[in-house]
Amino acid sequence: MEDEGTQEVIKPTPEEIATIPEVKYEYLDHPADIQIHAWGANLKEAYEQAATAMFGYMTEIDTVEMTEVREVEAEADDLQGLLFHFLDECLFVFSCDPYFITRKVVITEWVIGGDGDGGGGDGAMKVCAKLYGEEFQLGKHPQGTEVKAITYASMQVYNEPNQHEVFVIVDI
């Protein structure tokens, strides 16, 4: 195990950086913070999109090259907790030195309710993901708004037939 706060530098393969997912998120008005609304063909994609949206609020992610990969892992007992901890782990990667800004998020392991199929209920839940990006550099990456924390306030997770979307407020 590596020292906390350091990770081995992993380089992405050409296949991994060949595609950028379609944008499936938007920013909704909120009195003091920002609400992210993300959706996808399944809940896994909605979580990926929410993480990408968070990074997109911190800089123009079109300026981010995918030269390195960071890995994150989160666990929880319910879907809201899983979203919170997943986004918190992603934010932690950005907040560490060197500041790592992400352009693309790919969930590599998705276990919901112990079944792994993205089903509904409570139980042992886990998500592992790869974050593709590079070290944040002023001058190259326009500085957006700093995201300070993820919140549970007004968090909503929908995982129903034909409705896979999340709403999460981030503290700015």
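Fair warning: this is a prediction, and the values are worked out from it, not measured in the lab.

**Comments concerning helix 2 (residues 43-58)**
Look at helix 2: 23 Å from first C-alpha to last across 16 residues, which is about the 22 Å you get at 1.5 Å a residue. With respect to burial, helix 2 is a largely interior element, 13 of its 16 residues being buried. In this structure asparagine 42 caps helix 2, since a side-chain oxygen of it lies 3.3 Å from the backbone nitrogen of lysine 44.

**Section: the packing of aromatic side chains**
Counted according to the given criterion, the structure contains eight aromatic pairs. Measuring from ring centre to ring centre gives 4.4 Å for phenylalanine 84 and tyrosine 152, while their planes differ by 10°; the resulting arrangement is stacked. Placement of the pair is phenylalanine 84 in helix 3 (residues 79-95) and tyrosine 152 in the loop between strand 6 (149-150) and strand 7 (156-160), with a sequence separation of 68 residues. For tyrosine 152, a relative accessible area of 43% puts it in the partly exposed group.

**Re the nonpolar core**
Ranked by internal contacts, the top residues of the largest apolar core, which has 46 residues, are Tyr47, Met54, Leu83, Phe86 and Val166. Among the secondary structure elements, those contributing two or more residues to this core are strand 2 (34-39), helix 2, strand 3 (68-76), helix 3, strand 4 (100-111), strand 5 (125-135) and strand 8 (163-171). Looking at this core element by element, the count peaks at 10 residues for helix 3. Those residues in contact with tyrosine 47 that sit more than four places away from it in its chain are Leu79, Leu82, Leu83, Phe86, Ile107, Trp110, Val157 and Val166.

**Side note on the pattern of salt bridges**
Scanning the entire structure with this criterion turns up eight salt bridges. The partner of arginine 103 in a salt bridge is aspartate 62, and the shortest N-O contact between them spans 3.8 Å. Here aspartate 62 lies in the loop between helix 2 and strand 3 and arginine 103 lies in strand 4, a separation of 41 residues in the sequence. Residue classification places aspartate 62 among the exposed residues on the basis of a relative accessible area of 64%.

**As for the confidence of the model for the protein chain**
Taken residue by residue, the protein chain gives an average pLDDT of 91. The fraction at 70 or more is 90%. Put simply, helix 1 (residues 14-17) is where the protein chain has its lowest mean pLDDT, 92, and helix 2 is where it has its highest, 98. A low-confidence stretch, residues 114-120 stays under pLDDT 50, and its non-local contacts, those more than four residues away or across chains, total 12 contacts.

**Things to note about the side chain of threonine 102**
With respect to the helices and strands, the residue threonine 102 is situated in strand 4. The exposure class assigned to threonine 102 is buried, which follows from its relative accessible area of 1%. Other than its neighbours up to four places away in sequence, threonine 102 contacts Phe55, Ile61, Val64, Leu131, Tyr132 and Gly133.

Rules and cut-offs
- Residues numbered from 1 in each chain as written.
- Predicted model: local features only at pLDDT ≥ 70, side-chain atom pairs only at ≥ 80, totals over all residues.
- Heavy atoms only, no water.
- Helix = DSSP H or I, 4+ residues; strand = E, 2+ residues; numbered from the N terminus.
- Expected span 1.5 Å × (residues − 1).
- Buried < 20%, exposed > 50% of the residue type's maximum accessible area, 1.4 Å probe, protein only.
- Polar contact = N/O pair within 3.5 Å; in protein donor to acceptor, adjacent residues only side chain to side chain.
- Phe/Tyr/Trp six-rings, centres within 6.5 Å; stacked < 30°, edge-to-face > 60°.
- Core = buried A, V, L, I, M, F, W, Y, C linked by side-chain atoms within 4.5 Å.
- Contact = heavy atoms within 4.5 Å.
- Salt bridge = Lys/Arg side-chain N within 4 Å of Asp/Glu carboxyl O.
- pLDDT = per-residue confidence, 0-100.

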